[in-house]
Amino acid sequence: MYIIFPCIMFFLVICALLMFWRRKCIIRKICCMSVKEKLCRLNELVNPFGFEYLLSQDIFTSRKDAWQRDFGYCHLYDKSADLFNMVFDCEPIYFDYEGCTWMIELWKGQYGINIGAEIGIYRADGLVSRRHRNSAMFHTVPDDDLPFFSYTLYQGSCPLYRIAQRHWWLTGFQMGQYTKPDLLHMKVEILFPSCEMQNAFVQGLLDCGYASENIHIWNQQISFCFSCPHTRQPRCSRRIRTAFAQWKNRIFLKIYCHVTKHFCFTMDKLLYLYEYLPFAFRHMVRIRHKKKRRRRRKHVR
């Protein structure tokens, strides 16, 4: 007994020294890399998850060729979001165009230890009645029908970032931040491929509850603000589950900040996390990973 205890203590001390030495080596390695090397390396790591890092905005954004494009959208994604620590406001805007029901949806809120926003466009196989919209499956649209999306995300009166691209799912996520969805708002601009599509979407906005004086139109472009949702939020019927998800987000954020306290910039923090705790890195960059689980189940079948 007198021998075992000192041996255990000696083993723990050796492990602590090895971890300390390994951490110092990783920090030294990252500090020796150039900004270009760091950016290339980080994008190599996040590309398989369907994202890329924009250094100029300090955000992660979805790639146009992301694997998520194969899975479209259904209301269940929003309904089950808090199970994956995503707590957001969502605003689906439906409109009928060219014999099909289309949907452009907006999201803003907390995604794990990230705050961010999204805008996506989807189309059903045909016309969908109002009462069946929550159960219908919507698919991503071909490139020829994609609008040009742009939006600026604000926290209070402070702009966080602006992003613009012709896309099917334009996103921006800032890592290592926490907020409540109510404190965020988006200024959205959409340039449509045709006037007919624009007019149909404007009617969808009006049907959703937006006032005509808050919708600004010129040529084939419109702009409006998404702050307080006009549609019923799925999280409102699950307040306890939502509060628990936000509590977990705050805990994970504190752990992330503590582990990566040796660095100030997101790029350095994540590269350090990948080298030091690769499993934690993979968990952090799976911002929208519920669709991937769906994909795996599909393969199993």
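From a predicted model like this one, the values you see are computed outputs, not experimental measurements.

Let's talk about the overall build of the protein
Here's step 1: Within the protein one finds eight helices and 12 strands.
Here's step 2: The principal-axis extents of the C-alpha atoms in the protein amount to approximately 80 × 40 × 40 Å.
Here's step 3: For the protein, the residues scored as buried account for 49% of the 301 residues in total.
Here's step 4: In the protein, once contacts between residues fewer than 6 apart in sequence are set aside, the share between residues at least 24 apart is 66%.

Some details on the sheet that holds strand β10 (residues 184-191)
Here's step 1: One open sheet holds the five strands; their spatial order is β8-β7-β10-β12-β11, and the pairing between them is antiparallel. Lying at the two open borders of the sheet, with one neighbouring strand each, are β8 (158-166) and β11 (216-218). Across this sheet, the average inter-strand angle for adjacent strands is 15 degrees, counted without regard to direction.
Here's step 2: Sitting on the sheet, helix α4 (residues 195-208) is in contact with β10, β11 and β12 (221-226), with an inclination near 20 degrees to β12.

Considerations on the confidence of the model for the protein
Here's step 1: Confidence along the protein averages 89 in pLDDT terms, with 90% of residues attaining 70 or more.
Here's step 2: Across residues 290-301 the pLDDT falls below 50, and counting only partners more than four positions away or on other chains, this stretch makes 15 contacts in the model.

Some points on helix α2 (residues 35-46)
Here's step 1: In a regular helix each residue adds 1.5 Å, so 12 residues correspond to 16 Å; α2 covers 17 Å between its end C-alpha atoms and thus fits that length.
Here's step 2: Turning to α2, its buried residues are Lys-38, Leu-42, Asn-43, Leu-45 and Val-46. Buried residues of α2, viewed axially, fall in a sector of 155 degrees; they line one side. α2 presents Lys-36 and Glu-44 as exposed residues on the side facing more than 90 degrees away from its buried surface.

Things to note about α4
Here's step 1: For α4, built from 14 residues, the straight-helix expectation of 20 Å at 1.5 Å per residue is met to within 8% by its first-to-last C-alpha distance of 20 Å.
Here's step 2: Within α4, the full set of buried residues consists of Met-197, Gln-198, Ala-200, Phe-201, Val-202, Gly-204, Leu-205 and Cys-208.
Here's step 3: Of the residues flanking the end of α4, it is Gly-209, one or two places downstream, whose phi is positive at about 120 degrees.

Overview of the packing of aromatic side chains
Here's step 1: A complete count under the given rule lists 22 aromatic pairs for this structure.
Here's step 2: Centre to centre, the rings of Phe-95 and Phe-201 are 5.6 Å apart; their planes meet at 85 degrees, and the pair counts as edge-to-face. Of this pair, Phe-95 sits in strand β3 (residues 86-97) while Phe-201 sits in helix α4, and the two are 106 residues apart along the sequence. Across the pair, Phe-201 and Phe-95 agree in class, each one buried.
Here's step 3: Judged by centre distance (5.4 Å) and plane angle (20 degrees), the rings of Tyr-272 and Tyr-276 are stacked. Note that Tyr-272 and Tyr-276 are positioned in helix α6 (residues 266-276) at a spacing of four residues, about one turn of the helix.

About the thresholds
- Residue indices follow the written sequence of each chain, beginning from 1 at its first position.
- Local features in this predicted model are restricted to residues of pLDDT 70 or higher, and side-chain atom pairs are both shown and tallied only at a pLDDT of 80 or more, whereas totals for entire chains, interfaces and linings draw on every residue.
- Only hydrogens and water are set aside; all other atoms, that is, all heavy atoms of the structure, feed into the side-chain values.
- Think of it this way: any DSSP run of H or I at least four residues long counts as a helix, any run of E at least two long counts as a strand, and we number them from the N terminus.
- Partly exposed residues are those whose accessible area sits between 20% and 50% of the maximum for their type, while under 20% is buried and over 50% is exposed, using a 1.4 Å probe and protein chains only.
- Here a residue-residue contact requires only that any non-hydrogen atoms of the pair lie within 4.5 Å.
- DSSP-based pairing: two strands are paired if at least 2 bridges between them are found.
- Each axis is a line fitted through C-alpha atoms, and for a helix only the stretch in contact is used; angles between axes span 0 to 180 degrees, taken between their N-to-C directions.
- As a per-residue measure, pLDDT reflects the predictor's confidence and takes values from 0 up to 100.
- To estimate the expected span of a helix, subtract one from its residue number and multiply by 1.5 Å.
- Of all possible arcs, the one meant is that of the directions from the helix axis to the C-beta atoms.
- Note on aromatic pairs: the rings of Phe, Tyr and Trp (six-membered ring only in Trp) are paired at centre separations within 6.5 Å, and the planes decide the class, stacked below 30 degrees, edge-to-face beyond 60, tilted for the rest.

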